[in-house]
Structures are given as C-alpha cells and as structure tokens.
Amino acid sequence: MILKGLRIILMKLRRLLVPAAASAVTLALSGCGALTSDDGSGSDGSRTVVAGLYPLQYVAQRVAGDAFDVENLTQPGGEPHDLELGIGQTAALADAALLVYIDSLQPAVDEAAEEVAGVEVLDAASVVDLISFEDEHSDEEDAEDEHSDDHSGHDHGELDPHFWLDPARMADLGDAVAERLADIDPDEAAAFEERAAELRSDLEALDEEYTEGLSGCEIRTVVTNHDAFGYLEKYDLELASINGFSPDAEPTPAALAELQDLIAETGITTVFSESLVSPQAAEVLAVDAGVDTAVLDTIEGLTEETADEDYLSLMRSNLAALEGANRC
Ligand SMILES: [Zn+2]
C-alpha cells in the first residue's frame, strides 16, 4: 500500500517535471534550430529501454544492440504475472526512452504504462497477432475449458499473451521494436533494421526446427502447469494445463481428476512443471497418474539456474523435452 502510494506520487511528480524540463531543452535549442540533442538520443535523452519480462527484454536487446541499455522490470527468478513495481523499477520506467510490455499479462505494468508520462510505450499485443484462449482449445471438449474457468480468473475469449513461445511471432515483435527505436533514434535506423532481420532469421530457423522435430510424435497432447504454451498448438500439439492462467493457483480435485483421465486416454508419459513456480502441482498429478515430470520452461524469466541460457537455447531445451515426452 505504501509502495503503491509512493509510486503514484513519483509518477505524478514526473508528470509535472517532464514537460517543464522538455520545454527548457526546446527553448535552449531553438536558437540553433535543433529539436533533438546532438547524440541522437530520445526526446529526453534517455538511452534505456525497459521491458516487462524476459522475452521482451531479449528482443529489445537483440534489436537495440549497444545503442540502448535494456532493463527488465521482472527480477531474475521472479514470477512476472504478479510482479509488483518497487521504487527502483518505477524510477527506471520513468526515465526510460521506451517501455516494451504486453497487455494483460502483468497488471502492474499495464497500469504503469498508462501512468508514465514522456515515455514511449510499445504494447506487443498491438503489433503481434495474438490468438484467443478459446481458439487454442477450439477442438477440445468443454470439460477441459470448464475446469480452467473455475479458477483461472480469465475468460477464454481473451487473447493469450504468451506469444513468445511461437518464434514467428517473436520475429514480428523484433520488426516493431526496430521501427519504434528508429523513431526515437533515426540515425541508428538502419542498424536496428539489420539486427531485427538477423533476429528474424534466427527465429525462423528455430521455427523450422520445431516444425520438423514435432512432426512425427506418437503422442500429441501436452500437460503443463499453467496456460503458457497454447502457441505450441501451431505444431499440431494439444495443450492442457493444471492451473489455467495463474502459474501458482491451486487446482481443484475435479480438475485433477479430469487431467488424470486425459493422461490415461492419451498415453501421456510426462507432466510438465515450470521453472519459476513450485513444481508441486505437477508432481502430485504425475505421481497420482503414474507418469514422469520434467520441466518445460515458460521462458517468462530466467532463474539462477538458467542465467547462462537465452531465449533460443531455452526454446531448444523445450523442444528436446517435448520430443522425448511425446515420442517424436
Ligand atoms: Zn504465463
């Protein structure tokens, strides 16, 4: 409560101070006809891009190169869905040239994106083609959907924000970030575009690997801890989750019983837990159903254990885990 109050005060102060500072700069520079500062910085000179969570940070870093520092609002090991912004993050955000976030994944960041003044914002949901939870599960029967609705806190007609698990959509974000950075720093536009193209070619190669790797699986169903992996359905997989949209929700006994039936029907070998929350729910289900557990990384954030990894290497580990579990 106190933090939130302070944050609002900081935001308000910022709103009051920024226009004053900006007009002082404009006045100072108007004599020589320049409207931006000499080093090609953003409107207030910031060289920082702030991202809501790791996959967005990865794209921003790849595209920005060393032209901007990129900061992640979610600390390593932190679970990004219920991120709370502290004073440090709020200050970083207020000083940024650009905030890259994705609407409806992190409520605290959604709120901050509306409150920040003088900071460019790029909502990934506005530039990447998102699919709705409903479309992902269109050919599953209601039993599955009902259990998620019970406790997931989201409507299945809503858009699924976890688009980074589709490399092709990540490439689209890369192009959009390049465009926005070029608006902020036109001198570097060609470099941003070139880096976005390199990123796209890495991501398209990864997309190919997924398509090939998952083409001949004996088992097509995947059970994960929360609804993060819906975009993998493009590779002809069917995703079901224990907890719906909330990574650390408590599954109901009815939901667990349904998943046990699904495991028995489909011959699934493995229930997947994730790296940022307790594997307990997945382990309980796996033990009851007599199958294994393994980690499928949501890539929502890095941990101490995955600090040396990056988006591409984590996606490749996930592919290997899926190929093993689904007998591809
Ligand atoms: Zn998630």
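Residues numbered from 1 in each chain as written. Predicted model: local features only at pLDDT ≥ 70, side-chain atom pairs only at ≥ 80, totals over all residues. Heavy atoms only, no water.

On to a negative patch on the surface, then. Together, E179, D183, E193, E194 and E198 make up a negatively charged patch on the protein surface. Residue assignment for the negative patch shows that the elements contributing at least two residues are helix 7 (167-184) and helix 8 (189-213). Looking at the negative patch, the element that brings in the most residues is helix 8, giving 3 residues. Along the chain, D183 turns up in helix 7. (Patch = residues over 30% accessible without salt bridge, like charges linked within 9 Å, V, L, I, M, F, W, Y side chains within 5 Å. Areas by Shrake-Rupley, 256 points an atom, 1.4 Å probe, with all protein chains shown as cover. Salt bridge = Lys/Arg side-chain N within 4 Å of Asp/Glu carboxyl O. Lys, Arg positive; Asp, Glu negative; His and termini not counted. Charge placed at Lys NZ, Arg CZ, Asp CG, Glu CD. Helix = DSSP H or I, 4+ residues; strand = E, 2+ residues; numbered from the N terminus.)

It is worth spelling out the pattern of salt bridges at this point. For the structure on display, the rule yields 13 salt bridges. Ionic pairing is found between E204 and R200, a salt bridge with its closest N-O pair at 3.2 Å. A residue pair is termed a helical-turn pair when its members lie 3 or 4 positions apart in one helix, as E204 and R200 do in helix 8 at 4 residues. Where R220 meets D236, a salt bridge forms, and the shortest distance between an N and an O atom there is 3.9 Å. With a gap of 16 residues between them, R220 in the loop between helix 8 and strand 5 (221-224) and D236 in the loop between strand 5 and strand 6 (238-241) connect regions that are remote in the sequence. Looking at R220, the relative accessible area reads 21%, which means it is partly exposed. Sharing partners across several salt bridges, the network here consists of D129, D166, R169, D207 and K234. (Buried < 20%, exposed > 50% of the residue type's maximum accessible area, 1.4 Å probe, protein only.)

This brings us to helix 10 (residues 280-289). Since one α-helical turn is 3.6 residues long, residues separated by three or four positions face the same way. All buried positions along helix 10 are accounted for by A281, A282, L285 and A286. The buried residues of helix 10 all sit within an arc of 125° when viewed along its axis, so they share a single face. With respect to the buried face of helix 10, the exposed residues turned more than 90 degrees away are Q280 and V287. On its buried face, helix 10 is in contact with strand 5, helix 9 (253-266), strand 7 (270-273) and strand 8 (292-295). Directly beyond the C-terminal end of helix 10, a positive phi value near 70° is found at G290. (Arc of directions from axis to C-beta. Contact = heavy atoms within 4.5 Å.)

Let's shift gears to the coordination of the zinc ion. Within the first shell, the zinc ion binds the protein through H81 (NE2), H162 (NE2), H226 (NE2) and E300 (OE), at distances of 1.9 to 2.1 Å. One way to put it: the 4 donor atoms around the zinc ion meet at angles of 97 to 125°, and that makes the site tetrahedral. Sequence spacing of the donor residues for the zinc ion, all on one chain, is H-x80-H-x63-H-x73-E. Highlighted residues: H162 in the loop between helix 6 (142-152) and helix 7 and H226 in the loop between strand 5 and strand 6, separated in sequence by 64 residues. Per residue, the accessibility class of H162 equals that of H226, and both read buried. (Donors = N, O, S within 2.8 Å, 3.2 Å for Na, K, Ca; no water. Tetrahedral: all angles 85-135°; square planar, octahedral: opposite > 155°, others 65-115°.)

Across all of its chains, the model carries 6 aromatic pairs by this definition. Arranged with centres 6.3 Å apart and planes meeting at 50°, the rings of Y54 and Y58 form a pair that is tilted. Here Y58 and Y54 lie together in helix 2 (residues 54-64), a separation of 4 residues that amounts to about one turn. Relative accessible area serves as the criterion here: at 5%, Y58 is assigned to the buried category. A centroid spacing of 5.9 Å and a plane angle of 85° characterise the contact between F133 and F245, whose relative ring orientation is edge-to-face. Taken together, the residues F133 in helix 5 (residues 133-136) and F245 in the loop between strand 6 and helix 9 connect sequence positions 112 residues apart. In this structure, F133 and F245 share a single accessibility class: buried. The cationic tip of R47 hangs over the ring face of F68; the distance from NZ or CZ to the ring centre is 4.3 Å. (Phe/Tyr/Trp six-rings, centres within 6.5 Å; stacked < 30°, edge-to-face > 60°. Lys NZ or Arg CZ within 6 Å of the ring centre and 35° of its normal.)

Enumeration over the complete set of coordinates arrives at 1 disulfide. The disulfide partner of C217 is C328, and the gap between their sulfur atoms is 2.1 Å. Judged by the sign of its S-S torsion, about 95°, the bond between C217 and C328 is right-handed. Taken together, the residues span a long stretch of sequence, with C217 in the loop between helix 8 and strand 5 and C328 in the segment after helix 11 (311-325) at a distance of 111 residues. (Disulfide = S-S within 2.5 Å.)

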